[in-house]
Amino acid sequence: KSHEELLIPSMPCRAKTNVMFLKTHKTASSTVLNIMFRFAERYNLTVALPAGQLVHLGYPKTFLAHFVEEFQAIGQNYNIMCNHLRFNPSEVQKVMAANTFYFSILRNPILLLESSYVYYKDNVPAFRISKDVNEYLASPMKYYHPADYKENIYARNIMWFDFGYNNNAEDNTKYIQAVLKEIEQNFHLILIADYFDESMILLKHTLCWDLDDVIYFKLNSRSQDTVQTLTPESKERIKAWCSLDWKLYLHFNQSFWRRIEETIGLKELEKEVNHLQMRQKELMETCLLDQKAVGKDHIKNKALLPFQSGATNILGYNLKQDLDNRTLRTCQKMVMPELQYTSYLYTVQHPHKKRKQLGLPLLWTSFQEK
């Protein structure tokens, strides 16, 4: 402990319960969303959920307050907001209390672009008409047509777009500096997906949460065999093609590590990451049949099948059979995919509304017996 910390008796802090998470795409954000939903249930908090049959908060449209279910009635009394939206601070502030904590997560654009490519292969014109990710990156402008900019958001600077900015903007130093400054003013913390466990420890400290609040099983990941290998040239090209995202990432990766050194220190961080991983392993042994994620064809309970997209095989989990009720509930929530969990919370929070139709088999009938 540093000299200063010895002088001030550490004050027990109170868990922050008004939290807005900007869920970015292909950045481990589904895992964070699951953490947020479980936290909301643990503390009986109100979640700003997508209105009607929507599963996102209006994405890719720029967010407006009325995209939230019952916004007129609930006003600013939502505690948690974490479904996909395109950030728009003035509208989000209509929904969230003044003392809300804002955070988001970024990922190395090199890994991000490859992940987007495979996941959105069928939806994004620029990806669809190129053979593979390396061919796409060799000459992106051959495939990325400005007329399709709405469908092509995943093909270039997707993080920049999610934060509410123009993902086709010119890379101009002054502009980038202004945006980075604005993001720093709007967000209290930016996590880094490439250091996910370290991010969870930093989040836990910053929000004054418990270790069990940030325990997770990795969700919405894909099988290794769908990963495309980027050539060294492609990796360099991504930095230029997605230069806005690249600069965004470099900036916040730096501030992430600076924040860790200032608040936790690397030694304590390592200790806590080990602790997190031990607890995670323990829970996996308790909950999971195979102790690891399995491919879509091996998921026995179809209600727990994650949404499948593109050329991916999105992994899920099988739970052990004879778990006692309380353990089963905990384990179910930890493996529950995003759409199912959103729909489930929606039914709990808005029992009189028509359920979200997810086209998934017998959704939640098994969860309703509370």
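Scroll up a little and you will see the structure.
Predicted model only: the values in this text are computed from it and were never measured.

Here's the deal with the overall build of the chain
And step 1. Within the chain, the secondary structure is distributed over 16 helices and 4 strands.
And step 2. Referenced to the eigenvectors of the C-alpha coordinate spread, the extents of the chain come out at roughly 60 × 55 × 45 Å.
And step 3. Within the chain, the fraction of its 370 residues that count as buried is 54%.
And step 4. Residue pairs in contact within the chain that sit at least 24 positions apart in sequence constitute 71% of those at least 6 positions apart.
And step 5. Counting every atom, the chain has about 17,700 Å² of accessible surface; 52% of that belongs to carbon and sulfur.
And step 6. Charge separation in the chain, taken as the distance between the mean sites of 45 positive and 40 negative side-chain charges, equals 3 Å.

Structural notes on the layout of surface pockets
One way to see where empty space is left: roll a probe the size of a water molecule over the atoms.
And step 1. In this structure, the second largest pocket occupies an estimated 660 Å³ of space.
And step 2. Forming the walls of the second largest pocket are 26 residues, and the residues nearest its centre are R38, E41, R42, T330 and K333.
And step 3. Looking at the lining of the second largest pocket, the elements that each hand over two or more residues are α2 (29-42), α14 (266-287), α15 (325-335) and α16 (338-349).
And step 4. Residues that form the lining of the second largest pocket fall into these classes: 11 nonpolar, 5 polar and 10 charged.

Some remarks on unusual backbone geometry
The phi torsion of most residues other than glycine is negative, and most of the peptide bonds are trans.
And step 1. Along the chain, Y59 connects to P60 via a cis peptide bond; the corresponding omega equals 5 degrees.
And step 2. Looking at where P60 falls in the secondary structure, it is placed in the loop between α2 and α3 (71-74).
And step 3. Unusually for a residue other than glycine, C208 sits at a positive phi of about 65 degrees.
And step 4. Summarising the element assignment, C208 is placed in the loop between α11 (196-207) and α12 (232-241).
And step 5. One non-glycine residue with positive phi stands out, namely Q291, at about 55 degrees.
And step 6. Structurally, Q291 can be placed in the loop between α14 and α15.
And step 7. When its relative accessible area of 39% is taken as the criterion, Q291 is described as partly exposed.

Topic: helix α13 (residues 243-263)
An α-helical turn contains 3.6 residues, so a residue and the one three or four places further along point in the same direction.
And step 1. For α13, which comprises 21 residues, the first-to-last C-alpha distance of 30 Å matches the rise-based estimate of 30 Å (1.5 Å per residue) to within 8%.
And step 2. Within α13, burial applies to S243, L244, D245, W246, L248, Y249, F252, N253, S255, F256 and I260.

Some points on the side chain of T27
And step 1. Topologically, T27 is positioned in the loop between β1 (19-22) and α2.
And step 2. On the basis of relative accessible area, T27 is assigned to the buried category, the value being 1%.
And step 3. A polar atom in the side chain of T27 sits 2.8 Å from the side chain of T24.
And step 4. Non-local contacts of T27, meaning those with residues more than four positions away in its chain, are made with I105, L106, R107, L112, M159 and A193.

Some thoughts on the pairing of strand β4 (residues 189-192)
And step 1. The alternating pattern of β4 places L189 and L191 on one face and I190 and I192 on the opposite face, and all of these are buried.
And step 2. With 4 bridges connecting them, strand β3 (residues 101-106) and β4 associate as parallel partners. For F103, the partnering residue across the bridge sits in β4 and is L189.

So, the environment of P337
And step 1. One can find P337 in the loop between α15 and α16.
And step 2. Note: C-alpha distance between P337 and L219 (118 residues apart in sequence) is 7.0 Å.
And step 3. If we skip the residues at most four places from it in the chain, P337 touches L304, L305 and P306.

Overview of the sheet that holds strand β2 (residues 80-81)
Hydrogen bonds between backbone groups are what pair the strands of a sheet, and the pairing can be parallel or antiparallel.
And step 1. Ordered in space as β2-β1-β3-β4, the 4 strands form an open sheet in which the pairing is parallel. Either end of the sheet is taken by a strand with one partner, and the two such strands are β2 and β4.
And step 2. Alignment of β1 against β2, held across 2 bridges, turns out to be parallel. Residue pairing in the sheet places M20 in a bridge with M81 of β2.
And step 3. Contacting β1, β3 and β4, α11 crosses the sheet at an angle of about 155 degrees to β4.
And step 4. On the sheet, α13 packs against β3 and β4 and is oriented at approximately 100 degrees with respect to β4.

A look at the pairing of β1
And step 1. Neither face of β1 is exposed, since V19 and F21 on one face and M20 and L22 on the opposite face are all buried.
And step 2. Strand direction decides the pairing type here: β1 and β3, joined by 4 bridges, are parallel. Bridge pairing in β3 places F21 opposite F103.

What to know about the state of the cysteines
And step 1. Applying the stated criterion across every chain yields a total of 2 disulfides.
And step 2. With its sulfur 2.0 Å from that of its partner, C13 forms a disulfide with C208. When the S-S torsion is 95 degrees, as for the bridge of C13 with C208, the disulfide is right-handed. Note that C13 is positioned in the loop between α1 (3-7) and β1 and C208 in the loop between α11 and α12, a separation of 195 residues in sequence.
And step 3. Disulfide pairing is shown between C287 and C331; the S-S distance is 2.0 Å. Measuring the twist about the S-S bond at about -75 degrees, one finds the C287-C331 disulfide to be left-handed.

Reading the values: rules and limits
Residues numbered from 1 in each chain as written. Predicted model: local features only at pLDDT ≥ 70, side-chain atom pairs only at ≥ 80, totals over all residues. Heavy atoms only, no water. Helix = DSSP H or I, 4+ residues; strand = E, 2+ residues; numbered from the N terminus. Buried < 20%, exposed > 50% of the residue type's maximum accessible area, 1.4 Å probe, protein only. Contact = heavy atoms within 4.5 Å. Areas by Shrake-Rupley, 256 points an atom, 1.4 Å probe, with all protein chains shown as cover. Lys, Arg positive; Asp, Glu negative; His and termini not counted. Charge placed at Lys NZ, Arg CZ, Asp CG, Glu CD. 1 Å grid on protein atoms, 1.4 Å probe; cavity = no way out; pocket = protein on both sides within 12 Å on 5 of 7 lines; lining within 4 Å. Points joined across faces, edges and corners; volume = space filled by probe spheres on them. Nonpolar A, V, L, I, M, F, W, Y, C, P; charged D, E, K, R; others polar. Expected span 1.5 Å × (residues − 1). Polar contact = N/O pair within 3.5 Å; in protein donor to acceptor, adjacent residues only side chain to side chain. Pairing = 2+ DSSP bridges. Axes fitted to C-alpha atoms, helices over the stretch in contact; angles between N-to-C directions. Disulfide = S-S within 2.5 Å.

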